[in-house]
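# A closer look at the structure
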2 protein chains.
Amino acid sequence: MKYDRSKIPSVTVNRLSIYYRYLERLIETEEGRNIKTISSYEISKKTGINSSQVRKDLAYFGEFGTRGIGYHIENLIDILKKILKSDKEWNIILAGAGNIGKALAQYEGFRKRGFFIKGIFDNNPRKINEKIDNIHVYDVKDMGKYIRKWHIEIGIIAVPENSAQRVADIMIAGGIKSILNFSPVHIKLSPEIKLKNLDLSVELESLTYYLNL
Amino acid sequence: MKYDRSKIPSVTVNRLSIYYRYLERLIETEEGRNIKTISSYEISKKTGINSSQVRKDLAYFGEFGTRGIGYHIENLIDILKKILKSDKEWNIILAGAGNIGKALAQYEGFRKRGFFIKGIFDNNPRKINEKIDNIHVYDVKDMGKYIRKWHIEIGIIAVPENSAQRVADIMIAGGIKSILNFSPVHIKLSPEIKLKNLDLSVELESLTYYLNL
């Protein structure tokens, strides 16, 4: 399986996660245990992504579907797992022990998908040394040290707007390579760092846009 | 300003929100008060979206930039505000008073952008009739009634996977037109309903994909 990771659009990667999740659930069901193959049409019906898109997304990684029969489910799961590196566990850190940070610390979905928050970082003395869902809250001043100690590559930013850039800079200096940013502000980073912005009100705004067409 | 809303890709709409937010902040600064126009290059530098993309996104809504001078800032803000309907306030409802739901109920960013959560709905008797950040938690059984009473068009789903479809069905039956779904499961809806899925672990997975290329 040869392909150039950097050439795959991030929207495709997002959809691969969705296919992967659906197939994993499928094989846990009675129905799923009794079938060996699945068509792009069936994947489409269950994920809401149209079937030509499904075929196009999977074709990036080689021709492993068979016309008229579809994809071998176990095979497809193995491939997606490797592509998405879901066979690995990831230690991550979280900056910000506010409402969003707390919810993320307690979010079961991360653990289920192999993401473990090793530490939470905040600058509020009342929060430092507390625990959220058994995860220790450290002083943000020590964040660089722990990133290096734990060899962390992924950080989540859930701090107020005016601290986001500073926190990102500490993360990068410590060795973080990818950031998921919940703070509604543009963070400037060098281009080799992968940044994903998740501004919750932008998501809502994109819905109002389509109301009352 | 004539354009067909349904023809504008949702990624463009997301970027419009980002431009709008940046410009709003800009005019609150000393620097921003002293300038009248802004170039796509400058918008690009501050939002991280490349300048040809900025021009392309704004061109959907007519030719209101001037070559060599850029966009008239106040004019651009007015236009974006209308396009994004940010001149309106939106009442929304939230299903799910778990960790994510609680964080969303307390999220300042929504109020700042004109989104007001009128009610939270849950099926847990210990949560019903409580308040989260002054928002009442109602029995999910009454959700349809309140959607009609309050004329709500937007709902947020933050319930466990196995209740997501049922909750979405109640929302739609009540009259909701757009759903922001935090539950990591595909919800089946008729095509006229606008659905946006925000699966937090999918977002993290898309970051690991690019690590160690």
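In this text the structure is predicted, and so the values were computed from the model without any measurement. Going along each chain's sequence as written, the residues are numbered from 1 onward. Chains carry letters and ligands carry numbers; both start at the beginning, A for chains and 1 for ligands, and go up in the order they are written. Local features are withheld for residues below a pLDDT of 70 in this predicted model, meaning they are given only at 70 or higher, and side-chain atom pairs are given and counted only at 80 or more; totals for whole chains, interfaces and linings count all residues.

### Some points on the overall build of chain A
Helix and strand counts for chain A come out as ten helices and ten strands. With the C-alpha coordinates aligned to their principal axes, the bounding extent of chain A is approximately 60 × 45 × 35 Å. In this description, a residue-residue contact is defined by the distance between C-beta atoms placed from the backbone, which must lie within 7 Å. Of all intrachain contacts in chain A linking residues separated by at least 6 positions in sequence, the fraction that spans at least 24 positions is 59%. Helix numbers and strand numbers start at the N terminus; a helix is a DSSP run of H or I with at least 4 residues, a strand a run of E with at least 2.

### What to know about the relation of the copies chain B and chain A
Alignment of copies: least-squares fit on C-alpha atoms of residues with pLDDT of at least 70 in both copies. Expressed as a screw operation, the relation of chain B to chain A combines 0.0 Å of axial shift with a rotation of 180°, fitting to an RMSD of 0.0 Å. When the rotation and shift are considered jointly, the pair of chain copies conforms to a two-fold rotation axis. Considering only C-alpha atoms, the part of chain B nearest the rotation axis is A103(B), at 3.0 Å. Here 100% of the interface residues in chain B have copies in chain A that are interface residues too; the copies meet face to matching face.

### With respect to the interface of chain B and chain A
Contacts between the two partners involve 49 residues from chain B and, on the opposite side, 49 residues from chain A. At the level of elements, helix 1 (10-26), helix 3 (40-47), helix 6 (99-105), helix 7 (108-112), strand 9 (178-181), strand 10 (194-197) and helix 10 (200-208) of chain B are the ones that each hand at least two residues to the side of chain B that touches chain A. In terms of residue count, helix 10 of chain B provides more of the side of chain B that touches chain A than any other element does, nine residues in total. Throughout this entry, Asp, Glu, Lys and Arg are counted as charged residues, while Ala, Val, Leu, Ile, Met, Phe, Trp, Tyr, Cys and Pro are counted as nonpolar. The remaining residues, Gly among them, count as polar. Considered class by class, the residues forming the side of chain B that touches chain A number 22 nonpolar, 15 polar and twelve charged.

### Brief notes about the packing of helix 8 (residues 143-150) of chain B against helix 9 (residues 161-174) of chain B
Residue and element names in this part refer to chain B. Simply put, an axis is a line fit to the C-alpha atoms, just over the touching stretch for a helix, and the angle between two N-to-C directions goes from 0 to 180 degrees. Where helix 8 meets helix 9, the axes come as close as 8 Å, and the angle between the chain directions of the two elements is 35°. Once helix 8 is placed against helix 9, the crossing between them reads as right-handed. Contacts between helix 8 and helix 9 pair M143, G144, I147 and R148 from the former with I170, M171, A173 and G174 from the latter. Rotating anticlockwise by less than a right angle from the far helix to the near helix defines a left-handed crossing, while the corresponding clockwise rotation defines a right-handed one.

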